[in-house]
Amino acid sequence: MTHENLAFTKGHGTENDFVLVPDLDGELDLSDVQVRFLADRRAGLGGDGVIRVVRTEKADEPDVRALAPEAEWFMDYRNADGSRAEMCGNGTRVFAAYLLREGLVSGRRIPMATRAGAKMAVVSEGSNGELSYAVDLGPWRLVHPDAPTGQGYDTLVALPGMDTLPGLSLDLGNPHVVVVLPESVDLMDVDLTHPPVLNPAPESGANVELVQMLGPGHLQMRVHERGVGETRSCGTGAAAAALALMSWSGAPADHEEWRVDVPGGTLLVRALPGQRVELAGPAALVADGRVDVPRG
Ligand SMILES: N[C@@H](CCC[C@H](N)C(=O)O)C(=O)O
């Protein structure tokens, strides 16, 4: 057979969209080519990423399998180019929504394993009846807390047609560089069709967030995601952006909350005690079906 016929579910979190592939007992070995096909918006299904839903004890990576006592299900996250990512904040909410809908978990607290450790999603119902998912993303850190460049900047970021801007590197389990744009620039006019050029270039690449303040505790953001390109939202990126702004104005206060507007919607970021961070927002499952995926 030249094709594998796979079940899939399409979902998104603030329009950061994913193809979920259930592989509960870890029998699939999705190649980079197959992931790229699933994520392809013309030849395949289309998505910023592909999430394989697999029992944690069946994961290939020993570090992930070690999380099985904490979380029965592993979010095996792949970027649209096939690369593996440690974490996806929007993906965790969509993953939680899928586990809940499929009856693979019970209750309102949904643990999940990721390459960046176990995470916990808590589901609540808003006054409009819609479910919201708050995920403890776990610990975060500044990559260069003592960067010699001072003022909390450690990277120079080059964007087309603009002077080089200073950026701050944060680790949310996956890598981010946050850049504040001057007020004179319209965030929506910035060309993100190519990756911003980072100096120094992080060894494993980075997601780059462009931000502008809208008011106290409120910012807007666009993002260029590692392994994808521009996306309409990035959950870990929203958390990185809010944490960068909190860090620039002193240390984040416990429970300090920021609203982050992205092209695909709005996310809430809350600093938790012990240098942890929470991300809250919606999740939608929009289609289910089967797809013929070329082998290879
Ligand atoms: N969209 C995600 C992040 C997905 C992974 C990222 N592209 C990476 O390579 O680190 C999010 O919502 O956090």
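All values derive from a computational prediction rather than experimental measurement.

Asker: Even after reading the chapter, I still don't get the domain arrangement of the protein chain, so can you show me in this structure?
Answerer: Where interface size is given, it is often the accessible area lost as the parts come together that is meant. Examined at the domain level, the protein chain breaks down into domain 1 (3-138 + 282-294) and domain 2 (141-274). Inter-centroid distance (C-alpha atoms) of domain 1 to domain 2 is 24 Å. Tallying the contact residues gives 21 residues for domain 1 and 19 residues for domain 2. Secondary structure elements with two or more residues in the side of domain 1 that touches domain 2: α3 (89-101) and β7 (131-139). Looking at the side of domain 1 that touches domain 2 element by element, the count peaks at 3 residues for β7. Tallied by class, the residues present in the side of domain 1 that touches domain 2 amount to 7 nonpolar, 9 polar and 5 charged.

Asker: I would appreciate a short explanation of the environment of Asp154 in the present structure.
Answerer: Examined against the element boundaries, Asp154 turns out to sit in the loop between β8 (141-142) and β9 (155-158). For Asp154, a count of 21 C-beta atoms within 10 Å translates into the label buried. Sequence separation between Asp154 and Val177 is 23 residues; the distance between their C-alpha atoms is 9.1 Å.

Asker: Just to check I follow, could you spell out the nonpolar core for this structure?
Answerer: One broad trend across soluble globular proteins is that nonpolar side chains are buried collectively. Ranked by size, the top nonpolar core spans 80 residues in total, and within it Ala96, Ala238, Ala239, Ala241, Ala242 and Val260 carry the most contacts. In terms of residue count, the dominant contributor to this core is helix α4 (residues 235-248) (8 residues). Mapping this core onto the domain boundaries places at least three of its residues in each of domain 1 (3-138 + 282-294) and domain 2 (141-274). Leaving out residues up to four positions away in the same chain, Ala241 has contacts with Val178, Glu209, Val211, Leu219, Met221 and Val260.

Conventions adopted
- Residues numbered from 1 in each chain as written.
- Predicted model: local features only at pLDDT ≥ 70, side-chain atom pairs only at ≥ 80, totals over all residues.
- Domains from an automatic or database assignment.
- Contact = placed C-beta atoms within 7 Å.
- Helix = DSSP H or I, 4+ residues; strand = E, 2+ residues; numbered from the N terminus.
- Nonpolar A, V, L, I, M, F, W, Y, C, P; charged D, E, K, R; others polar.
- Buried ≥ 20, exposed ≤ 12 C-beta atoms within 10 Å, placed from the backbone.
- Core = buried A, V, L, I, M, F, W, Y, C linked by C-beta atoms within 7 Å.

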